[in-house]
Amino acid sequence: SCGKAHTVLLVERNQRNFLYSFGSNKTGQLGIGKNIQFSVEPQLIEGLPSAKIDSIASAKNSSFVLFENGTLYSWGGNKEGILGIGSTQEQYRPV
């Protein structure tokens, strides 16, 4: 899934799902914390449940993952509350 300047990849390995991201992390859209501003190599997104992933999506500066059980995680830029978490604060890790 691609945003304005970042990409999120879904990888299945040994019947488990893993999410990786790379590109700009200016507003947290990589989901890997604040320490890295940009990554040219895929970075593992940690802190997500081990449940089966249904789909992933990216917006301009935000990322989303929907699990088969209906749980939604989001992170990144949160202008106008796009992450759906009840605030407009940027999120650098999945919430």
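Focus: the overall build of the protein chain
Now for step 1: Across its full length, the protein chain holds zero helices and six strands.
Now for step 2: Traced from its N-terminal end to its C-terminal end, the protein chain shows the element sequence β-β-β-β-β-β.
Now for step 3: Radius of gyration (C-alpha) of the protein chain: 12 Å, near the 12 Å computed for a compact globule of 95 residues.
Now for step 4: Once the C-alpha set of the protein chain is aligned to its principal axes, its extents read approximately 35 × 30 × 20 Å.
Now for step 5: Burial analysis of the protein chain (95 residues in total) assigns 40% to the buried set.
Now for step 6: For the protein chain, contacts bridging at least 24 residues in sequence account for 37% of all contacts bridging at least 6.
Now for step 7: Only carbon and sulfur atoms are counted for the fraction: they give 48% of the accessible area of the protein chain, which is about 5,600 Å².
Now for step 8: Positive and negative side-chain charges of the protein chain, numbering 9 and 7 respectively, have mean locations separated by a distance of 7 Å.

Some remarks on the pairing of strand β6 (residues 72-76)
Now for step 1: Within β6, four of the five residues are buried, leaving the element largely enclosed by the surrounding structure.
Now for step 2: Pairing analysis gives five bridges linking strand β5 (residues 62-67) to β6, with the strands arranged antiparallel. Counterpart to Ser62 in the pairing with β6 is Gly76.
Now for step 3: Between β5 and β6, which pair antiparallel one after the other, the connecting turn spans four residues, and Gly70 there sits at a positive phi close to 95°.

Some details on the nonpolar core
Now for step 1: Within the largest apolar cluster, 10 residues are counted, these being Val8, Leu19, Leu30, Ile32, Ile45, Ile53, Val65, Phe67, Tyr73 and Trp75.
Now for step 2: Secondary structure elements with two or more residues in this core: β5 and β6.
Now for step 3: In this view, Ile45 contacts Val8, Leu19, Tyr20, Ser21, Leu30, Gly31, Ile32, Trp75 and Pro94; residues no more than four positions away in its chain are not counted.

Some remarks on the sheet that holds β6
Now for step 1: On the basis of which strands lie adjacent, the open sheet formed by three strands has the order β4-β5-β6 and antiparallel pairing. Here the strands that pair on one side only, and so sit at the sheet edges, are β4 (53-58) and β6. Sheet twist, expressed as the mean angle between neighbouring strand axes with direction ignored, is 15°.
Now for step 2: Pairing of β4 with β5, which is carried by five bridges, proceeds in the antiparallel orientation. If you follow Ser55 over to β5, its bridge partner there is Leu66.

Here's the deal with the environment of Gly28
Now for step 1: Position of Gly28 among the secondary structure elements: in the loop between β2 (16-24) and β3 (38-44).
Now for step 2: Residue classification places Gly28 among the buried residues on the basis of a relative accessible area of 0%.
Now for step 3: Placed 14 residues apart in sequence, Gly28 and Asn14 show a C-alpha to C-alpha distance of 28 Å.
Now for step 4: Contact partners of Gly28, with chain neighbours within four places excluded, come to Trp75, Gly76, Gln91 and Tyr92.

Conventions we followed
Residues numbered from 1 in each chain as written. Predicted model: local features only at pLDDT ≥ 70, side-chain atom pairs only at ≥ 80, totals over all residues. Heavy atoms only, no water. Helix = DSSP H or I, 4+ residues; strand = E, 2+ residues; numbered from the N terminus. Rg over C-alpha atoms; globule rule 2.2 N^0.38 Å. Buried < 20%, exposed > 50% of the residue type's maximum accessible area, 1.4 Å probe, protein only. Contact = heavy atoms within 4.5 Å. Areas by Shrake-Rupley, 256 points an atom, 1.4 Å probe, with all protein chains shown as cover. Lys, Arg positive; Asp, Glu negative; His and termini not counted. Charge placed at Lys NZ, Arg CZ, Asp CG, Glu CD. Pairing = 2+ DSSP bridges. Core = buried A, V, L, I, M, F, W, Y, C linked by side-chain atoms within 4.5 Å. Axes fitted to C-alpha atoms, helices over the stretch in contact; angles between N-to-C directions.

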